[in-house]
Amino acid sequence: MTGMNTDKSGSTAARGSGVVVVTGAGTGIGRATARAFAAGGARVVAVGRRAEPLRETAAGHGPITPLTADITAEGEPDRIVRAVLAAHGRLDVLVNNAGIVRGGALGTLTPEAITAQLATNLVAPALLSQAALPALERSGGVIVNVSTSVGQRAWPGNAVYAATKTALELLTRSWAVELAPRGIRVVAVAPGAIDTPIGEHQGLTPERRAAVREWQLAHTPLRRIGRPEEVAWAITGLAAPGASFITGVVLPVDGGAVVA
Ligand SMILES: NC(=O)c1ccc[n+]([C@@H]2O[C@H](COP(=O)([O-])OP(=O)(O)OC[C@H]3O[C@@H](n4cnc5c(N)ncnc54)[C@H](OP(=O)(O)O)[C@@H]3O)[C@@H](O)[C@H]2O)c1
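Residues numbered from 1 in each chain as written. Predicted model: local features only at pLDDT ≥ 70, side-chain atom pairs only at ≥ 80, totals over all residues. Heavy atoms only, no water.

- The chain appears in an unreviewed UniProt entry as SDR family oxidoreductase from Streptomyces pyxinae.

**Considerations on the packing of helix H5 (residues 111-139) against helix H6 (residues 159-179)**
- One way to put it is that H5 packs onto H6 with a least axis distance of 9 Å and a crossing angle of 15°. As the angle between them shows, H5 and H6 are arranged roughly parallel. H5 and H6 meet at a crossing whose hand is right-handed. Here Ile114, Gln117, Leu118, Asn121, Leu122, Pro125, Ala126, Ser129 and Leu133 of H5 come into contact with H6, specifically with Val160, Tyr161, Thr164, Lys165, Ala167, Leu168, Leu171, Trp175 and Leu179. (Axes fitted to C-alpha atoms, helices over the stretch in contact; angles between N-to-C directions. Helix = DSSP H or I, 4+ residues; strand = E, 2+ residues; numbered from the N terminus. Parallel < 35°, antiparallel > 145°, perpendicular 65-115°, else oblique. Left-handed = near helix turned anticlockwise from the far one by under 90°. Contact = heavy atoms within 4.5 Å.)

**Some points on the nonpolar core**
- If you look at the biggest cluster of nonpolar residues, it comprises 27 residues, and the most contacted ones within it are Phe37, Val44, Val95 and Ile235.
- Elements that contribute at least two residues to this core include exactly strand S1 (19-23), helix H2 (28-39), strand S2 (43-48), helix H3 (51-58), strand S4 (93-96), strand S5 (142-146), strand S6 (185-191) and helix H9 (228-239).
- Among the elements that line this core, the one with the most residues is H9, at five residues.
- Non-local contacts of Ile235, meaning those with residues more than four positions away in its chain, are made with Ile29, Thr33, Phe37, Val95, Val144, Val146 and Val189.
- Val21, Ala98, Leu133 and Ile143 belong to the second-largest nonpolar core, a separate cluster that totals 26 residues. (Core = buried A, V, L, I, M, F, W, Y, C linked by side-chain atoms within 4.5 Å. Buried < 20%, exposed > 50% of the residue type's maximum accessible area, 1.4 Å probe, protein only.)

**Quick notes on the pairing of S1**
- Extensive coverage of S1 is indicated by the burial of five of its five residues.
- Burial along S1 is two-sided: Val19, Val21 and Thr23 and Val20 and Val22, pointing in opposite directions, are all buried.
- Sheet analysis places S1 next to S2, joined by five bridges and oriented parallel. Residue pairing in the sheet places Val22 in a bridge with Ala46 of S2.
- Chirality of the crossover, the property in question, places the unit of S1, H2 and S2 among those that are right-handed. (Pairing = 2+ DSSP bridges. Right-handed = clockwise from strand over helix to strand, strands pointing away.)

**Re helix H4 (residues 76-88)**
- Spanning 13 residues, H4 covers 18 Å between terminal C-alpha atoms, matching the ideal 18 Å at 1.5 Å per step.
- Every buried residue belonging to H4 is among Glu76, Pro77, Ile80, Val81, Val84 and His88, and all of these are buried. Looking straight down H4, one finds its buried side chains confined to an arc of 140°; they lie on one side. Facing away from the buried side of H4 by more than 90 degrees, the exposed set consists of Arg82 and Ala86.
- On its buried side, H4 packs onto S1, S2, strand S3 (64-68) and H5. (Expected span 1.5 Å × (residues − 1). Arc of directions from axis to C-beta.)

Below, the structure written as structure tokens:
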């Protein structure tokens, strides 16, 4: 069973009846993560803006409930948590996975691109985590944030995105310390190059996506692109009862990119 800190709710976790929220669960890493938690016996609430991809995530993959929501819209973080508690009565794991990329070097940035990335990648995870706090305290729960491994270094042409993720990592470390006395763990994963539609969602042309992939391969010691399931393994593992002494870490899942 994946998902729960055993300190306060060990028996429930062991029976696999924990409740997990995954944002951005309609595609890519979020989809794989929702399915991995469900395969471990958790009840999963899959959040995203588009209903159809969420339905595809859920179809035939166990107890996954789609919840259509824009996490950046006013009041939505609170509404999501209220809906989860109304349906399931508890919340054990929050996976802040939804994220967007709007590339651009200084001199080409638009206010819309900056604020959209901040709103999705930073403000929404903060408000969702805050809304989830009382429920996570009751369950002895876990917050898992999804960062990026490339953001550990300079990222010319994509610095605003990297800045939102670096900030998310600082929140991870800080909240881990703040929330440890309340029995809540806070961790993060930092994926490298993973095979998802994120480049399409960013609006990159097929040629540009191919160029990015070539660059990523050249900078990944394992010399391949990762699979969403490999990130999901790390997320479910860090949220699992066996990880009960791990908090405040950011785990790279990047084929060695960050150490090369
Ligand atoms: N793929 C990589 O190489 C890579 C590397 C490092 C880090 N990451 C991070 O991994 C996470 C998952 O990305 P991915 O690669 O799986 O990309 P993806 O397929 O584009 O997934 C992002 C998901 O977030 C959802 N989303 C975006 N804005 C939202 C909003 N306002 N409210 C609710 N849902 C929203 C999207 O669905 P809707 O459009 O339907 O809302 C989409 O399903 C992101 O945080 C990304 O930054 C990815």
